[in-house]
Amino acid sequence: MTKTVFIDGAAGTTGLEIADRLTGRAEFELILLDDARRKDDAARAQALNAADFVILCLPDDAAKAAVGMIRNDTTRVIDASSAHRVAPGWTYGFPEVVGRDTVAAARFVSNPGCYPTGFIALVAPLVKAGLLPADWPYVCHAVSGYSGGGKALIGRFEEDGDIAFRAYGLALGHKHVPEMTAHVGLTHAPIFAPAVVPAHRGMLVEVPLHLSMMPKTGDPAALRAALAEFYAGSEIVTVVDDQPDELLLRASMAPVDTLTLRVLGAADGSQARMVAMLDNLGKGASGAAVQNLNLMAGLSETAGLRL
Ligand SMILES: NC(=O)C1=CN([C@@H]2O[C@H](COP(=O)(O)OP(=O)(O)OC[C@H]3O[C@@H](n4cnc5c(N)ncnc54)[C@H](OP(=O)(O)O)[C@@H]3O)[C@@H](O)[C@H]2O)C=CC1
Ligand SMILES: CC(=O)N[C@@H](CCC(=O)OP(=O)(O)O)C(=O)O
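No experiment lies behind these values; they were computed from the predicted model shown.

Comments concerning a negative patch on the surface
Among the surface-exposed residues, Glu158, Glu159, Asp160 and Asp162 lie close enough to one another that they form a single negatively charged patch. By secondary structure assignment, the location of Asp160 is in the loop between α7 (150–159) and β8 (166–167).

So, the site of ligand 1
As a matter of local geometry, ligand 1 sits amid 26 residues, with Thr13, Thr14, Lys39, Leu58 and Lys151 nearest to it. The contact in question runs from an oxygen atom of ligand 1 to an N or O atom on the side chain of Lys39, over 2.7 Å. Contact between ligand 1 and Lys151: an oxygen atom at 2.4 Å from a side-chain N or O atom of the residue. A total of 890 Å² of accessible area belongs to ligand 1 in isolation, and the protein chains cover 81% of it. Among the secondary structure elements, those contributing two or more residues to the shell around ligand 1 are α1 (13–22), α3 (60–68), α7 and α10 (282–296). Here the residues of the shell around ligand 1 are counted per class, giving eight nonpolar, ten polar and eight charged. Each of domain 1 (3–111 + 285–296) and domain 2 (114–279) gives at least three residues to the shell around ligand 1.

Some points on the packing of aromatic side chains
Scanning the model with the defined rule gives four aromatic pairs in all. Here the aromatic rings of Trp90 and Phe108 are separated by 5.1 Å at their centres, their planes lie at 50 degrees, and the arrangement is tilted. Here Trp90, found in the loop between β4 (76–79) and β5 (91–92), pairs with Phe108, found in strand β6 (residues 108–110); they are 18 residues apart in sequence, far enough to count as distant. The class of Trp90 is buried, set by a relative accessible area of 16%. For Phe108, a relative accessible area of 22% translates into the label partly exposed. Summarising the aromatic geometry, the rings of Tyr115 and Phe192 are spaced 5.0 Å apart at their centres and angled 70 degrees between planes, so their arrangement reads as edge-to-face. Of this pair, Tyr115 sits in helix α6 (residues 114–128) while Phe192 sits in strand β9 (residues 191–197), and the two are 77 residues apart along the sequence. Sitting above the plane of the Tyr168 ring, Arg166 keeps its charged end 4.4 Å from the centroid.

Overview of the UniProt feature "active site" (unreviewed entry) in the protein chain
The feature "active site" (unreviewed entry), as annotated in UniProt, sits at Cys114 in this numbering. Examined against the element boundaries, Cys114 turns out to sit in helix α6. Of the residues examined, Cys114 reaches a relative accessible area of 11% and is grouped as buried. Not counting chain neighbours up to four residues away, the residues in contact with Cys114 comprise His176, Met203, Leu278, Asn280 and Gly284.

Structural notes on the site of ligand 2
Lining the immediate environment of ligand 2, one finds 16 residues, of which Arg85, Cys114, Tyr168, Lys175 and His176 sit closest. Tyr168 is positioned with one of its side-chain polar atoms (N or O) 2.5 Å from an oxygen atom of ligand 2. In the model, an oxygen atom of ligand 2 is placed 2.8 Å from a nitrogen or oxygen of the Lys175 side chain. Summarising the interface, the protein chains cover 84% of the accessible area of ligand 2, which totals 420 Å² for the free molecule.

Conventions we followed
One numbering rule holds for all chains: residues counted from 1, following each sequence as written. Numbering of ligands from 1 and lettering of chains from A proceed in the order in which they are written. Only residues with pLDDT of at least 70 are given local features in this predicted model, and only at 80 or more are side-chain atom pairs given and counted; all residues enter the totals for whole chains, interfaces and linings. Side-chain numbers come from the whole structure's heavy atoms, not from hydrogens or water. In this scheme, patches are assembled from residues that exceed 30% relative accessible area and form no salt bridge. Like charges are connected within 9 Å, while nonpolar side chains (Val, Leu, Ile, Met, Phe, Trp, Tyr) are connected within 5 Å. All accessible areas in this document rest on Shrake-Rupley with a 1.4 Å probe, and a residue is counted as covered only by the protein chains that are shown. Here, a salt bridge means any side-chain nitrogen of Lys or Arg that lies within 4 Å of a carboxyl oxygen of Asp or Glu. In summary, the charge assignment counts Lys and Arg as positive and Asp and Glu as negative, without counting His or the chain termini. Here the site of a charge means atom NZ of a Lys, CZ of an Arg, CG of an Asp or CD of a Glu. The numbering of helices and of strands both runs from the N terminus, where a helix is a DSSP run of H or I of at least 4 residues and a strand a run of E of at least 2. Residue proximity to a molecule or strand is established when one non-hydrogen atom of the residue lies within 4 Å of it. Within 3.5 Å is the distance limit for a polar contact, defined as a pair of N or O atoms, with the added protein rule that one can donate a hydrogen and the other accept it, and that residues adjacent in sequence qualify only through two side-chain atoms. Asp, Glu, Lys and Arg are counted as charged, while Ala, Val, Leu, Ile, Met, Phe, Trp, Tyr, Cys and Pro are counted as nonpolar; the rest, among them Gly, fall into the polar class. The split into domains, and so the bounds of each, comes from an automatic or database assignment of domains. Ring geometry is summarised as follows: Phe, Tyr and Trp rings, the Trp one being its six-membered ring, pair when their centres sit within 6.5 Å, and such pairs are stacked at plane angles under 30 degrees, edge-to-face over 60 and tilted between the two. Think of it in three bands: with a 1.4 Å probe and only protein chains considered, a residue is buried below 20% of the maximum accessible area for its type, exposed above 50%, and partly exposed in between. The criterion is that NZ of a Lys, or CZ of an Arg, lies within 6 Å of the ring centre and within 35 degrees of the ring normal, and then a charge sits over that ring. UniProt positions are given in the numbering used here, feature names are shortened, and annotations may be inferred rather than shown by experiment. It only takes one pair of heavy atoms within 4.5 Å for two residues to be counted as in contact.

Below, the structure written as structure tokens:
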């Protein structure tokens, strides 16, 4: 039976890409609000309560308010914002990590942040397997395309064509740190150093490791093998066993919903650089939302995705 889906924030960067992935799919019918009504609370409340599934593609405050507008106990919610990622009563929408059945059964699902998707994908399985310590002071460097900052950052980068690299989060305490800590089960918050490059989409998330100084670690090959085993069978998450000289983000990158993981090691095994590559609007946002929607609707998790 066709399920109705209301994307609140459908005119935004994430919302548009979700609608794109749902176009032509007979299993879902979109509830659409025209431009004049898309921010009208009465129209939104009606849509929020009429839909089988609601996908929130809004700023955090608006996402919290939207949840408060749902007055029934049947509408199921996927929130793309960071409002509910460590909130009680919400399932963290990372099916490979929390379990596909857990997401499939949930009513309130919070999509992971784009950077945490890379960090958690690399670190969580290895901590769980006892190959990396939970009480280590991890560091995470990352670069993102500017669409990661939504319409405002897209506008800024497209108007100011002279930004070559934007380091930010310099006061630490980026809003993604709580979910990175909680969903790996770390004792200490990681130091998170994000940056933006002048490409529309794409991201590279890196976790460098001083393996020889760490307790309870495997060597790079053991870490890689454990990740490969953890993600075996996934069409979305792939662990690549290679040692490239460079990893490139292309400014012309097409939308893609995959997540590619590498553990690159020093020849003597003393150090490693774990690297995740993804599309911030793919597995980092819209692709993840559609994957979660598929699971919640009892469908193949990859239906409509760009693999
Ligand atoms: N971009 C990305 O790569 C990722 C984004 N996210 C998260 O997804 C959410 C959406 O982000 P993104 O699409 O990038 O942001 P955008 O700014 O591109 O889009 C947000 C949309 O929400 C609309 N909006 C704002 N307030 C309201 C309201 N009260 N009622 C109805 N609509 C409203 C905006 O309207 P208007 O067009 O008028 O401004 C805009 O269309 C954010 O929480 C973001 O943090 C998560 C992971 C990755
Ligand atoms: C480049 C850029 O600005 N990125 C955003 C994160 C994008 C994302 O993951 O959205 P959530 O904040 O909803 O998780 C930032 O750092 O705030």
